[in-house]
Structure formats: structure tokens, C-alpha cells
Amino acid sequence: MMGAMDIVATYCPKYKDRPQIAQVVQKSKGGYSVHWMTGSYSGPWTVAKKRDGRKKVPWVEAIKESDIIYKKISLNSGQKLSNKVVQKLRALYAAKEERS
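Residues numbered from 1 in each chain as written. Predicted model: local features only at pLDDT ≥ 70, side-chain atom pairs only at ≥ 80, totals over all residues. Heavy atoms only, no water.

Undergrad: Please set out the packing of aromatic side chains residue by residue, giving values where relevant.
TA: In the structure shown here, the tally under the stated rule is one aromatic pair. Centre to centre, the rings of Tyr-11 and Tyr-93 are 6.3 Å apart; their planes meet at 40°, and the pair counts as tilted. Of the two residues, Tyr-11 sits in the loop between β1 (7–10) and β2 (21–28) while Tyr-93 sits in helix α1 (residues 83–99), which places them 82 residues apart along the sequence. The ring of Tyr-32 carries Lys-27 above its face, with NZ or CZ at 4.8 Å from the centroid. The residue whose ring lies beneath Arg-90 is Tyr-41, and the NZ or CZ to ring-centre distance is 3.9 Å. (Phe/Tyr/Trp six-rings, centres within 6.5 Å; stacked < 30°, edge-to-face > 60°. Helix = DSSP H or I, 4+ residues; strand = E, 2+ residues; numbered from the N terminus. Lys NZ or Arg CZ within 6 Å of the ring centre and 35° of its normal.)

The structure is reproduced here in C-alpha cells:
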């Protein structure tokens, strides 16, 4: 069971050019409400922001539980993914690409 603040990886074909990491805000009916995060396999991760008029707000979106491919990711002290997680994510995304 995942809770708020857990970090997950998702697979959404529209964002397939980068790892899709999100922080769970809350469980909703049929899925989760998440804060998208921005970063790369080798760089630090931060909460993604989108423009709302003149201000920037955290990018929150609802996702289905079936979109989640990896749960409970932990970032290291530099807000980066560990090598082990990077390897796992690359393998998971490659497998998804082959099936689609």
C-alpha cells in the first residue's frame, strides 16, 4: 500500500522520452493524484511546475494505478536516483516499449 509522499515511476506513452517520476499526493478512486517531478537519470529531481496565469504551481495530475511501473523509489541526498533504480527503470521502460 502506497501513501502520500511516496515516489513512483509511471509509464505514459505521451511522456516516453524521459523517466516519468511522480510523488504521490493522495490515493483517489481508481488511482492516485501525483505531483510530477522533473529531472533525469543522472541529475537531481525536483517537483515540476506549470504555469497558472502568471504564477507557477506544482504540476498535479491524476494517474491510474495501472500506469505505475515501479513503487517506493527513494532519492539519495542529492535528490538523485540510485544506480540500481536507474538500471531497473531503463529495463522496465525498454520492456514497455517492446510491447507497445
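Undergrad: Can you explain the pattern of salt bridges? Please cite residues and give values.
TA: Inspection of every chain in the model, using the stated rule, returns three salt bridges. What emerges from the salt-bridge pattern is a single network uniting Lys-27, Glu-65 and Lys-71. (Salt bridge = Lys/Arg side-chain N within 4 Å of Asp/Glu carboxyl O.)

Undergrad: Please set out the environment of Thr-38 residue by residue, giving values where relevant.
TA: As for its placement among the helices and strands, Thr-38 is situated in strand β3 (residues 31–38). By relative accessible area, Thr-38 is classed as partly exposed at 33%. Distance in space between the C-alpha atoms of Thr-38 and Ala-48 is 5.1 Å, their sequence separation being ten residues. Ignoring anything within four residues of it in the chain, the contact list for Thr-38 reads Arg-18, Pro-44, Trp-45, Thr-46, Val-47 and Ala-48. (Buried < 20%, exposed > 50% of the residue type's maximum accessible area, 1.4 Å probe, protein only. Contact = heavy atoms within 4.5 Å.)

Undergrad: I'd like to hear about α1, residue by residue, with values.
TA: Here α1 spans 25 Å end to end across 17 residues, near enough to the 24 Å set by a 1.5 Å rise per residue. Inspection of α1 places Val-85, Val-86, Leu-89 and Tyr-93 among the buried residues, and these make up the whole buried set. Down the axis of α1, the smallest arc covering the buried residues is 100°, so these residues share one side. Away from its buried face by more than 90 degrees, α1 exposes Asn-83, Lys-84, Gln-87, Glu-98 and Arg-99. (Expected span 1.5 Å × (residues − 1). Arc of directions from axis to C-beta.)

Undergrad: Lay out the side chain of Asp-67 in plain terms, naming residues and giving numbers.
TA: Within the element layout of this structure, Asp-67 appears in the loop between β7 (60–64) and β8 (68–73). The side chain of Asp-67 is buried and forms no salt bridge, while Lys-64, the nearest opposite charge, is found at 4.0 Å. Those residues in contact with Asp-67 that sit more than four places away from it in its chain are Ala-9, Thr-10, Tyr-11 and Cys-12. (Lys, Arg positive; Asp, Glu negative; His and termini not counted.)

Undergrad: So what's going on with the nonpolar core? Residues and values would help.
TA: With 14 residues, the main nonpolar core has Ala-9, Ile-21, Ile-73, Leu-81 and Leu-89 as its most contacted residues. Counting only elements with at least two residues in this core, the list comes to β1, β8 and α1. Counting residues per element, this core draws most heavily on α1, which supplies four residues. Not counting residues up to four positions away in its chain, the partners in contact with Ile-73 are Ile-7, Val-8, Ala-9, Ile-21, Leu-81 and Val-85. Residues Cys-12, Trp-36, Ala-48 and Ile-68 belong to the second largest nonpolar core, which totals ten residues. (Core = buried A, V, L, I, M, F, W, Y, C linked by side-chain atoms within 4.5 Å.)

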